[in-house]
Amino acid sequence: MNSLDINQIQEIIPHRHPFLLVDYIEDYEPGEYAIGYKCVTYREDFFAGHFPGQPVMPGVLTIEALAQVGAVAILSKEEFKGKTAFFGGINKCKFRGMVKPGDKLKLELHVISTKGPVGVGKAEASVDGKIVASAELTFMVG
């Protein structure tokens with residue numbers, strides 16, 4: 001298994017606090033897949049307004065966290081080191097559950113196709129084995 005701590009993640013992707021949404025990578029294969037985690041705490045900035053009295057991680061941030069894990073998979077390829085991965089599209093997106101403070105959000109992205117600097121990944125986010133979000137994410141490396 002290839003694992004990465006927060007410092008190693010920041011060597012690969014440009015995101016920083018408060019927008020870095022991945023705490024560690026459990027395993028990855030450059031250009032193929034990455035599996036990471038976000039340990040969701042009540043102290044996240046977005047919980048102040050989403051929603052008072054019933055904190056829920058915004059679904060779009062769950063998708064962003066999946067994209068960041070995918071960026072680790074893509075940008076760890078030798079040919080893309082030092083570059084940035086941008087969203088090209090979000091398809092087949094489904095939200096199936098809520099992410100709340102105290103959850104350990106598992107983030108998985110498997111690259112299903114690439115053509116040059118453009119590709120698509122199948123992404124799933126889960127909490128305690130239950131899928132809370134899934135999508136096909138298109139990326140462009142620039």
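Right above here is the structure, for reference.
Keep in mind the model is a prediction, meaning the values are calculated, not measured.

1. A few points about the overall build of the protein
Helix and strand counts for the protein come out as 2 helices and 6 strands. Taken from the N to the C terminus, the helices and strands of the protein come in the order α-β-β-α-β-β-β-β. Against the compact-globule benchmark of 14 Å for 142 residues, the protein has a radius of gyration of 14 Å, which places it among compact chains. Along the three orthogonal principal directions, the C-alpha set of the protein runs to about 45 × 30 × 25 Å. When burial is assessed residue by residue, the protein has 45% of its 142 residues classed as buried. Summed over its atoms, the accessible surface of the protein is roughly 7,500 Å², and 52% of this surface lies on carbon and sulfur atoms.

2. Focus: the pattern of salt bridges
It is possible for side chains bearing opposite charge to pair when their charged atoms get close. Under the definition given, this model contains 5 salt bridges. In this structure, Lys 92 and Glu 136 form a salt bridge, with 3.5 Å as the shortest nitrogen-oxygen distance. With Lys 92 in strand S3 (residues 85-95) and Glu 136 in strand S6 (residues 130-141), this residue pair connects regions lying 44 residues apart in the sequence. Residue Lys 92 is classed as exposed on the basis of its relative accessible area, which comes to 61%. Taking the relative accessible area as the measure of exposure, Glu 136 reaches 22% and is therefore partly exposed.

3. Things to note about the pairing of strand S2 (residues 33-39)
Two faces, one strand: in a regular strand the side chains alternate between the faces of the sheet. The element S2 is extensively covered by neighbouring structure, given that 5 of its 7 residues are classed as buried. In this structure, strand S1 (residues 24-29) lies alongside S2, joined through 5 bridges in antiparallel fashion. What sits directly across from Asp 27, in S2, is Ile 35.

4. Things to note about the sheet that holds S2
Sheets are built from strands paired through backbone hydrogen bonds, the pairs being either parallel or antiparallel. One open sheet holds the 6 strands; their spatial order is S1-S2-S4-S5-S6-S3, and the pairing between them is antiparallel. With one partner strand each, in any of the chains shown, S1 and S3 form the two edges of the open sheet. Put simply, the sheet's adjacent strands are angled 20° from each other on average, direction ignored.

5. Quick look at helix H2 (residues 59-75)
The terminal C-alpha atoms of H2 lie 24 Å apart, and with 17 residues this matches the ideal 24 Å at 1.5 Å per residue to within 8%. Where burial is concerned, most of H2 is hidden: 15 out of the 17 residues are buried.

6. What about unusual backbone geometry?
Omega for the peptide link from His 17 to Pro 18 comes to 5°, which places this bond in the cis form. With respect to the helices and strands, Pro 18 occurs in the loop between helix H1 (6-12) and S1. Cis geometry is adopted by the peptide bond preceding Phe 51, which originates at His 50 and carries an omega value of -5°. Its place among the elements puts Phe 51 in the loop between S2 and H2. Phi is positive for Lys 92, which is not a glycine, with a value near 55°. Even without glycine at this site, Asp 128 takes up a positive phi of about 50°. Examined against the element boundaries, Asp 128 turns out to sit in the loop between strand S5 (118-127) and S6.

Cut-offs applied
Residues numbered from 1 in each chain as written. Predicted model: local features only at pLDDT ≥ 70, side-chain atom pairs only at ≥ 80, totals over all residues. Heavy atoms only, no water. Helix = DSSP H or I, 4+ residues; strand = E, 2+ residues; numbered from the N terminus. Rg over C-alpha atoms; globule rule 2.2 N^0.38 Å. Buried < 20%, exposed > 50% of the residue type's maximum accessible area, 1.4 Å probe, protein only. Areas by Shrake-Rupley, 256 points an atom, 1.4 Å probe, with all protein chains shown as cover. Salt bridge = Lys/Arg side-chain N within 4 Å of Asp/Glu carboxyl O. Pairing = 2+ DSSP bridges. Axes fitted to C-alpha atoms, helices over the stretch in contact; angles between N-to-C directions. Expected span 1.5 Å × (residues − 1).

Keep in mind that these numbers describe shape and distance, not what the molecule does.
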